[in-house]
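Observations on the model geometry
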Amino acid sequence: MAGKDLSRAAAFPAIEKRYGKPMSYWFAVMAKVKGAKYPEQIALLRDKYGFSAAHANALVMHSRGSKSAKRFTTLTQYYKTINPHQVKTVKRVFKAITKKYPKLELVIAWNQPMLKMDSRYVFGVSVTKNYILIAPWSTEVISKFAPKLTPYKVNKKTIAIPNDWQVDEKLLQAMVKARLAE
């Protein structure tokens, strides 16, 4: 038995049928809001065109370069989908952390690699084309370490580091220590 088609394009026939326009029309709509944030793009499709959440997500994610909703079950699968330079950096990040905290378990959650202790997530990583996001799973930890994070783009829940970041082992370990203390 063949598995379910997890490509974003699998939703396109239903989008054309339900919303009455060819995909070329919807791709043009997305091209006009290319620089907008994900929630803004979703809101446009839902509010202006009546898209369901699933159809809006399929179109937005496809327009952002994600051609599949396939889920990873192993770290190896995840690494095969990202830039080899990013793989090196991500591996170094996790190695720096697990060197000091070997009891943390490296898992795939939300389709991203995460470190967890028992049922609590402690640290996660995700990648984009231009940078790697690290996440200590705590806005308090990010706030506490903000003075040491000035070279990087600090978001509410993540820190954007360069793809070729020279891993700051002490910083990562201190952030994890603070997260574990919460």
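Residues numbered from 1 in each chain as written. Predicted model: local features only at pLDDT ≥ 70, side-chain atom pairs only at ≥ 80, totals over all residues. Heavy atoms only, no water.

Attention now goes to helix 4 (residues 53-63). For helix 4, the complete set of buried residues consists of H55, A56, A58, L59, V60 and H62. Looking at the buried side of helix 4, the elements it contacts are helix 1 (12-19), helix 2 (23-32) and helix 3 (38-49). Among the residues trailing helix 4, G65 stands out with phi positive, at a value near 105 degrees. (Buried < 20%, exposed > 50% of the residue type's maximum accessible area, 1.4 Å probe, protein only. Helix = DSSP H or I, 4+ residues; strand = E, 2+ residues; numbered from the N terminus. Contact = heavy atoms within 4.5 Å.)

In this section: unusual backbone geometry. One non-glycine residue with positive phi stands out, namely W110, at about 55 degrees. Even without being a glycine, W137 presents a positive backbone phi close to 60 degrees. Summarising the element assignment, W137 is placed in the loop between strand 4 (131-135) and helix 7 (139-145). Since its relative accessible area comes to 34%, W137 is described here as partly exposed.

Further remarks concern a positive patch on the surface. Together, K100, K144, K148 and K177 line one region of the surface with positive charge. With respect to the helices, strands and loops of the structure, K148 is situated in the loop between helix 7 and strand 5 (153-154). (Patch = residues over 30% accessible without salt bridge, like charges linked within 9 Å, V, L, I, M, F, W, Y side chains within 5 Å. Areas by Shrake-Rupley, 256 points an atom, 1.4 Å probe, with all protein chains shown as cover. Salt bridge = Lys/Arg side-chain N within 4 Å of Asp/Glu carboxyl O. Lys, Arg positive; Asp, Glu negative; His and termini not counted. Charge placed at Lys NZ, Arg CZ, Asp CG, Glu CD.)

It is worth spelling out the packing of aromatic side chains at this point. Throughout the structure, instances matching the rule amount to 13 aromatic pairs. Ring geometry for Y19 versus W26: centroids 6.3 Å apart, planes at 80 degrees, classification edge-to-face. What makes Y19 buried here is its relative accessible area of 14%. Residue classification places W26 among the buried positions, given a relative accessible area of 2%. Judged by centre distance (6.1 Å) and plane angle (55 degrees), the rings of Y78 and Y79 are tilted. The burial state of Y78 is the same as that of Y79; both residues are buried. Three or more aromatic residues joined by ring pairs make a cluster, and in this case those are Y19, Y25, W26, Y49 and F51. (Phe/Tyr/Trp six-rings, centres within 6.5 Å; stacked < 30°, edge-to-face > 60°.)

Attention now moves to the sheet that holds strand 5. Strand order in the open sheet formed by six strands is 1-2-3-4-6-5, and the pairing between neighbours is antiparallel. With one partner strand each, in any of the chains shown, strand 1 (105-109) and strand 5 form the two edges of the open sheet. Bridge analysis of strand 2 (residues 112-117) against strand 3 (residues 120-127) gives four bridges, and the strand direction is antiparallel. Within strand 3, the position partnered with M117 by the bridge is R120. Across the sheet, helix 6 (residues 84-100) lies against strand 1, strand 2, strand 3, strand 4 and strand 6 (159-162), angled at about 160 degrees from strand 3, the strand it touches most. Where helix 8 (residues 169-181) meets the sheet, it contacts strand 2, strand 3, strand 4 and strand 6, and its direction lies at approximately 140 degrees from that of strand 3. (Pairing = 2+ DSSP bridges. Axes fitted to C-alpha atoms, helices over the stretch in contact; angles between N-to-C directions.)

In this fold, H55 is placed in helix 4. Only 3.0 Å separates the side chain of H55 from the side chain of Y19, close enough to count as a polar contact. Residues in contact with H55, not counting those within four places in the same chain, are A11, A14, I15, R18 and Y19. (Polar contact = N/O pair within 3.5 Å; in protein donor to acceptor, adjacent residues only side chain to side chain.)

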